[in-house]
Amino acid sequence: MRVLGIESSCDETAAAVVTDQGEVLADVVASQIATHGPYGGIVPELASRAHIRAIIPVIHEALSGIPGGLAGVDAIAVTRGPGLVGSLLVGVQVAKALAWSLDKPLVGVNHLDGHLFAIYLQRRESDEPTSVPKMPHISLLVSGGHTALYRVEGFSDVVLLAQTRDDAAGEAFDKAAKLLGLGYPGGPVIDELAARGQADAFSFPLPMASRKTLDFSFSGLKTALARHVQQAGVPKDEQTLANLCASFQGIIVESLVRKSLLACEREAIDQLVITGGVAANRGLRASAKVACDKNRITLFVPPPISCTDNAAMIAMAAVHRLADGESDDLSFAVYSRDPDRRRGKFRADGTLVDHKSE
Amino acid sequence: MLELVLNDEGETLALAAALADALAPGDLIGLEGELGAGKTTFARGAIHALGVPADTAITSPTFALVHQYQGRLPIAHADFYRLTKDAELEELGIDELLEEGAVLFVEWGRKFPSVASRASLWVELEIASDQARRVRLDPRGERGDELIAGLSSLV
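Residues numbered from 1 in each chain as written. Chains lettered and ligands numbered in written order. Predicted model: local features only at pLDDT ≥ 70, side-chain atom pairs only at ≥ 80, totals over all residues. Heavy atoms only, no water.

### Side note on the interface of chain A and chain B
Stage number 1. On the side of chain B, 31 residues touch chain A, which itself brings 30 residues to the contact.
Stage number 2. Where chain A abuts chain B, roughly 2,600 Å² becomes buried across the two surfaces, and 51% of that area is made up of carbon and sulfur atoms.
Stage number 3. Summed over the shared surface of chain A and chain B, the result is two salt bridges.
Stage number 4. At the boundary of chain A with chain B, the tally comes to nine residue pairs in polar contact (both at pLDDT 80 or more).
Stage number 5. Secondary structure elements with two or more residues in the side of chain A that touches chain B: α2 (48-63), α5 (169-179) and α7 (219-232) of chain A.
Stage number 6. Here the element with the most residues in the side of chain A that touches chain B is α7(A); it accounts for five residues.
Stage number 7. Broken down by class, the residue content of the side of chain A that touches chain B amounts to eight nonpolar, eight polar and 14 charged. (Contact = heavy atoms within 4.5 Å. Buried area = accessible area lost by both parts, 1.4 Å probe. Salt bridge = Lys/Arg side-chain N within 4 Å of Asp/Glu carboxyl O. Polar contact = N/O pair within 3.5 Å; in protein donor to acceptor, adjacent residues only side chain to side chain. Helix = DSSP H or I, 4+ residues; strand = E, 2+ residues; numbered from the N terminus. Nonpolar A, V, L, I, M, F, W, Y, C, P; charged D, E, K, R; others polar.)

Here you go:
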């Protein structure tokens, strides 16, 4: 079975083709083809207009290497939320039109499920198959818009254990970079500077340090950095700047790793997945590896191309429902905010499965 | 115009809750202040006071641009930190949200005419110390004056 995945929930327009075994046959992201593709000029823009311009070329590109093109696709998966309603509608309307006109099953996917199941993607360009976790496992989803811990029981059974109470970790990196005049996006540049700095040079308070909660909070850390810059200014010499970045990143990483291990301990699970855009952070990967090895937890991190927003993960998240013969009625709506899964288990369509007692 | 010193986060949340009690469909509250000043904290206090359950996290909308909630009124919490052009705002449906009777909290909206022309009240926050914030409530139009008059009797 080949599944065409379509993603337009936020900044990226993307299309991909994935088999029911998770093999990625095509994976196209609009911003990545802008520089070398025949569709030059497509740049991510915070507007549904940009998605409208990009979506058909991106789907064409994804299907270009598939025997039979659209006819060679067995099903369609599309992100239905969370995200910007206007942006989501572009992908969803195209997906519905394709499903209706081709008479193929359609599945609406939660974007966050896409991130959670990206670890199951198998990419041709990698030499060895990506090792994958069994169910259940703990997943730390950490990106520009989300920071949360999940207990992943199955492809249609995901329980939110904890999330950030204010800013996402990726947002903390971006805003720190802004405060330090380092440009956008902030994660990679801070990661690079941090690698050359001393993490104990500056002292920042560890947020949500109590072992009583799995929740994250990064707003106070951002404010502490803002106060530091307000009082001491942006460091003029490179080593002090590197030290400041190392100290700031070190606290974010420590918070992410501590809470992930605490989640594994509480749920008595020895497999941890770290996914989402911030999973590309080298400091996070290194610290998580050391901590997991020490605690006999197996760590799984998808390659960076699977961590950032893409449509292959959307197709992957739909594969199991499609294999079970399930699909969505073409009348389904989009949603801007994630259904709160902390209160129980939800299916991919957002309906409650079963109430989890506290 | 009303100027206050908020000694800690609790006082910020309390002021936001007092404002929330007076809000009506179509009100747009602009939240201004540098990174870390407490704009999202203020919005959190107001949104919970508008009846969104305490265990619903009111997180920063910087990445998603707009978060929507349902309290005693429909609520939208927007953050235009990442936007550059007024035209991008139109596509986010600010007008539609206001017409549908939502209350809007908008962070980083001052630079956009389509936000500035609709704001009833600007809440300007400033870092005074690690915990304390200075706040200036700057009313616009009759609706802004009403909101300020209501708050002045409370503080």
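### Focus: the domain arrangement of chain A
All names here are of chain A.
Stage number 1. What the domain assignment lists for chain A is domain 1 (2-128 + 307-323) and domain 2 (137-301).
Stage number 2. When each unit is reduced to the centre of its C-alpha atoms, the spacing between domain 1 and domain 2 is 28 Å.
Stage number 3. The interface is formed by 14 residues belonging to domain 1 together with 17 residues belonging to domain 2.
Stage number 4. The contact between domain 1 and domain 2 buries some 1,400 Å² in all, and 76% of this surface belongs to carbon and sulfur atoms. (Domains from an automatic or database assignment.)

### Re the packing of aromatic side chains
Stage number 1. According to the stated counting rule, one finds seven aromatic pairs over all chains in the structure shown.
Stage number 2. Aromatic side chains B:Tyr81 and B:Trp108 sit 5.1 Å apart centroid to centroid with 55° between the ring planes, which places their arrangement in the tilted category. Within this pair, whereas B:Tyr81 is found in the loop between β4 (74-79) and α3 (86-92), its partner B:Trp108 is found in the loop between β5 (103-107) and α5 (113-116), the two being separated by 27 residues in sequence.
Stage number 3. Every member of this aromatic cluster is reached through a ring pair, and the members are A:Phe117, A:Tyr120 and A:Phe155.
Stage number 4. The ring of B:Tyr81 has A:Lys175 lying over it, and the distance from NZ or CZ to the ring centre is 5.0 Å.
Stage number 5. The lysine or arginine in question, B:Arg110, covers the ring of B:Trp122, its NZ or CZ lying 4.6 Å from the ring centre. (Phe/Tyr/Trp six-rings, centres within 6.5 Å; stacked < 30°, edge-to-face > 60°. Lys NZ or Arg CZ within 6 Å of the ring centre and 35° of its normal.)

### A short note on unusual backbone geometry
Residue and element names in this part refer to chain A.
Stage number 1. Pro82 follows Gly81 through a cis peptide bond whose omega is -10°.
Stage number 2. Its place among the elements puts Pro82 in the loop between β4 (75-81) and α3 (85-102).
Stage number 3. In this structure, the amide linkage connecting Met135 to the following residue, Pro136, adopts the cis form with an omega of -10°.
Stage number 4. Of note, Pro136 is situated in the loop between β6 (122-123) and β7 (137-142).
Stage number 5. Its identity as a non-glycine residue notwithstanding, Met208 has a phi of 50°, on the positive side.
Stage number 6. Considering the arrangement of structural elements, one finds Met208 in the loop between α6 (186-194) and α7.

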